[in-house]
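Analysis of the macromolecular model
If you want the building blocks of each chain, they are given just below.
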Amino acid sequence: KHKLKWERHMDTILIMTKAYDNKLVYYTRQVAEWIITTQSSENGKPFTVYVDGHLEKAKHFGYQELVNQNEVFKNHIKFWTPRLLYKQPEMFHLIILLGGDGTVLFTSWLFQTYVPPIIPFHLGSLSFLTPYPFEEYQKSLSNIFNSTDNQQLAPFISLRMRLSCTIYRAVRGSDSATTRQAKQCAITGAIWTRRAKCDGKDMRGKWQLIETEWMKDHGRQVDPRIKEEESNNDDDDTHLIDCSTTTPCETFQVLNELVVDRGPSSYMATLELFADEQHLCTVEADGLVVSTPTGSTAYSLSAGGSLCHPCVPAILITPICAHTLNFRPMLLPHTCIIRVVVRATARSTAYCSFDGGDHMTVEFSRFAVPTITRKETNFDWFESLQKCLMWSQRAEQKPFVVVESNNKKKRSKPEDDTSSTSGQSTPSEKVLVCMDEGENSKKQKLNRTQEEKEREEQEGFDLVPWTKEEMESEILSLNEQQ
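Residues numbered from 1 in each chain as written. Predicted model: local features only at pLDDT ≥ 70, side-chain atom pairs only at ≥ 80, totals over all residues. Heavy atoms only, no water.

**Overview of the overall build of the chain**
For the chain, the helix and strand inventory stands at 14 helices and 25 strands. Summed over its atoms, the accessible surface of the chain is roughly 28700 Å², and 50% of this surface lies on carbon and sulfur atoms. (Helix = DSSP H or I, 4+ residues; strand = E, 2+ residues; numbered from the N terminus. Areas by Shrake-Rupley, 256 points an atom, 1.4 Å probe, with all protein chains shown as cover.)

This is the structure in structure tokens:
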């Protein structure tokens, strides 16, 4: 059990707001205004609050109006961009999240390395990962800021495991990529390889184990262009083989899951699954879900996977509509390195435009996502299961024996009946009236929310998500400066 340790020099807050909701833009302004006017660091200066860069000229946020009211907002309300979060993630001491589960996942995606502590407020639809009610934001944040002097106010932190996913692409069209030396163990059948030559220079290195007995039975081993006498060199077990080299392209840190599926193809995905270079099985299915314990309540759950507590260090593997009866979901230790390979003889590519020979590795990420819990990790997780997913809820089974109470109900007298009909409503009628009033109030609320949504759509949204083009331009400009 970890607790958040707030120190006096911490004074930089980031607010992450859900897009497409103008009401949350008002909330963002409300929280930022409260923090700057009520909280200060050890040097007496107000906290600095960073909000989404799209809100600088937003009508509902009213930045210029705040500056006109008080000059302090000009220096202590700043605006973040994906480039700033990518370049300087350590400058933020706390993330205040206003939204739902999607906002949590988006925050994890923006912070690909270090992630500051996140306090998530429940302002989304499902909000499985956001236990804090927004109505109590002042009390919750005050407890954090005042925990320096009183450690009992410090909240617990759940370190949510992430997966580090690396995509490897097959290198083709180069002799240096296909010419290798290999030798095979006569006992185990394992194949060891090293590069023979590269650009005319000797690039021989250490022998590396590439595949196991399974690949010996299912893949090409000896290049037919090589004569038998040429392979009989100093080492009888060594000969040139036709194989491909893969190179790492991109690495991502994911909080929920990694999904490899057949995409728009009508054919099943044919994938090879390895764990620590040991072949587990051939996946003939619509796809495969490799998830974290946090993601066990998401896509993996829908595919038939098991629930897993976020404190359990494990990697969940769940097939999507497997065309077999013997491939069941499984949990592996978090120390395993999972490798998913698209077989070269597969009928179709896999999602993410994988070609035959391409593969990816999935392993434990050293960059966890610290989320602040409302009470304790166990309490928050089980409460979310019961409230959001209706876990273990059903009609209660009736017992075999019915025990009657000794207090028998007294029959009402005839004059009571006459009095009730004379103008006084019965208890059952009162219940019906209350039910009708409740239904009417619900309908009025639904109509009101529908009218608000239609009005917002007509006016337009102040806060919209960062587009792919904006993200790419941010990263490109950062790379050019470096």
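**Re unusual backbone geometry**
Of note in this structure, Ser 127 is not a glycine but carries a positive phi near 60°. Position of Ser 127 among the secondary structure elements: in the loop between strand E6 (118-122) and strand E7 (132-133).

**Topic: the nonpolar core**
Counting 40 residues, the largest nonpolar core has Ile 96 and Leu 141 as its most contacted members. Elements that contribute at least two residues to this core include exactly strand E2 (12-17), helix H1 (22-38), strand E3 (48-52), helix H2 (63-69), strand E4 (77-80), strand E5 (94-99), E6 and helix H6 (137-145). It is H1 that provides the largest number of residues to this core, a total of seven residues. Apart from the residues within four sequence positions on either side, Leu 141 is in contact with Val 31, Trp 34, Ile 35, Leu 94, Ile 96, Ile 119 and Phe 121. Ranked by size, the runner-up nonpolar core spans 26 residues in total, among them Cys 165, Val 254, Phe 327 and Val 340. (Core = buried A, V, L, I, M, F, W, Y, C linked by side-chain atoms within 4.5 Å. Buried < 20%, exposed > 50% of the residue type's maximum accessible area, 1.4 Å probe, protein only. Contact = heavy atoms within 4.5 Å.)

**Some details on the packing of aromatic side chains**
Counted by the stated rule, this structure contains 15 aromatic pairs. Their ring planes at 85° and their centres at 5.2 Å tell us that Phe 47 and Phe 145 sit as a pair that is edge-to-face. Of this pair, Phe 47 sits in the loop between H1 and E3 while Phe 145 sits in helix H6, and the two are 98 residues apart along the sequence. Judged by relative accessible area, Phe 47 falls into the buried class, the value being 2%. A relative accessible area of 8% places Phe 145 in the buried class. Feature note: the residues Tyr 27, Trp 34, Phe 121, Tyr 132, Phe 134 and Tyr 137 constitute an aromatic cluster, connected by ring pairs. (Phe/Tyr/Trp six-rings, centres within 6.5 Å; stacked < 30°, edge-to-face > 60°.)

**Looking at the UniProt feature "transmembrane region" (unreviewed entry) in the chain**
UniProt annotation of "transmembrane region" (unreviewed entry) refers to residues 91-111 when read in the numbering used here. End-to-end, the C-alpha atoms of residues 91-111 are 12 Å apart, and along that stretch the chain is 48% helix and 29% strand. (UniProt positions renumbered as here; feature names shortened; annotations may be inferred.)

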